[in-house]
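Tertiary structure, described
Chain residues, written in single-letter form:
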Amino acid sequence: MAIQVSVCGPRDCTPEDESNAREVGRLLAEREAVVICGGYTGVMAAVAAGARGAGGTVVGILSRADREDANPDLSIVIPTGVGEARNSIIVNSGDAVIVVGGSWGTLSELALAMRRGNVPVVQLGGWRLLDRSGRPVEGVRHAPSPEEALTATGLWTPAR
C-alpha cells in the first residue's frame, strides 16, 4: 500500500509557502507517496502542481459537493459537501501530516492532526503555537525546509 501524506495550508499563501509546498509535492512524488490535500488554491494548488509535475498522484478532498473550482493538477477529486469538516478527512487520510504556512483553516487542520495523536505532524513555516507559559507547544515537529519536513515525518531515511 502506498504511503499517503496529507499536506495542509492556506488558500491565500505567501510566495515562500507556495514555493515550499511545490517542493514538498515534488519530493513526495519522487518518493512515490500519494499526496492528500484540500484541492483548491494556494498551498493546495502548489503541492498538487509539484507532485503532478513529478509524476505523482494527488487526491483533493473538496469542501463542496461538486468539482467546481477544483485544482486541475488533482489526480483524484473527492467532493464531500461537508464544508470545513473535510479538514478531518484530510488529516485522517495521511500516514503523516505536513502543514505549510498558517491560517485559521490550517490551524484547525493542525489541531485535528495533533488530536489524532498517532501520526507525525510537521510544520514548515506559518504560525507558532505557544502554551500558557509562552513555550512552544510540544508534539509539532518544526522543519526549516521541504526536504527536512519529509525527513521529520520519519517515513523515509534521509536522501543520500
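As a starting point, this report considers the structure included with it. (Residues numbered from 1 in each chain as written. Predicted model: local features only at pLDDT ≥ 70, side-chain atom pairs only at ≥ 80, totals over all residues. Heavy atoms only, no water.)

It is worth spelling out the nonpolar core at this point. If you look at the biggest cluster of nonpolar residues, it comprises 29 residues, and the most contacted ones within it are Val-7, Val-24, Leu-28 and Ile-98. Among the elements of the structure, β1 (4-8), α1 (15-30), β2 (34-37), α2 (43-53), β3 (58-62), β5 (96-100), β6 (121-124) and α5 (146-153) are those that each provide at least two residues to this core. Top contributing element to this core by residue count: α2, with six residues. Sequence-distant contacts of Ile-98, that is, excluding residues within four places in its chain, are made with Val-5, Ser-6, Val-7, Cys-8, Val-24, Val-122, Ala-149, Leu-150 and Thr-153. Residues Val-97, Val-119, Val-121 and Val-140 belong to the second largest nonpolar core, which totals 14 residues. (Core = buried A, V, L, I, M, F, W, Y, C linked by side-chain atoms within 4.5 Å. Buried < 20%, exposed > 50% of the residue type's maximum accessible area, 1.4 Å probe, protein only. Helix = DSSP H or I, 4+ residues; strand = E, 2+ residues; numbered from the N terminus. Contact = heavy atoms within 4.5 Å.)

A few words now on the pairing of β2. What you see with β2 is no split at all: Val-34 and Ile-36 on one side and Val-35 and Cys-37 on the other are buried throughout. Taken together, the three bridges between β1 and β2 define a ladder with parallel strand orientation. Bridging from a neighbouring strand, Val-5 pairs with Val-35 of β2. In this region the chain leaves β1, passes through α1 and returns to the parallel neighbour β2; the handedness of that crossover is right-handed. In terms of strand pairing, β2 meets β3 through three bridges, oriented parallel. Within β3, the position partnered with Cys-37 by the bridge is Gly-60. (Pairing = 2+ DSSP bridges. Right-handed = clockwise from strand over helix to strand, strands pointing away.)

So, on to the environment of Ala-65. Mapping Ala-65 onto the fold places it in the loop between β3 and β4 (76-79). Of the residues examined, Ala-65 reaches a relative accessible area of 66% and is grouped as exposed. Considering only alpha carbons, one finds Ala-65 and Arg-31, 34 residues apart in sequence, at a separation of 31 Å. Sequence-distant contacts of Ala-65, defined by excluding residues within four places in its chain, comprise Pro-79, Thr-80 and Gly-81.

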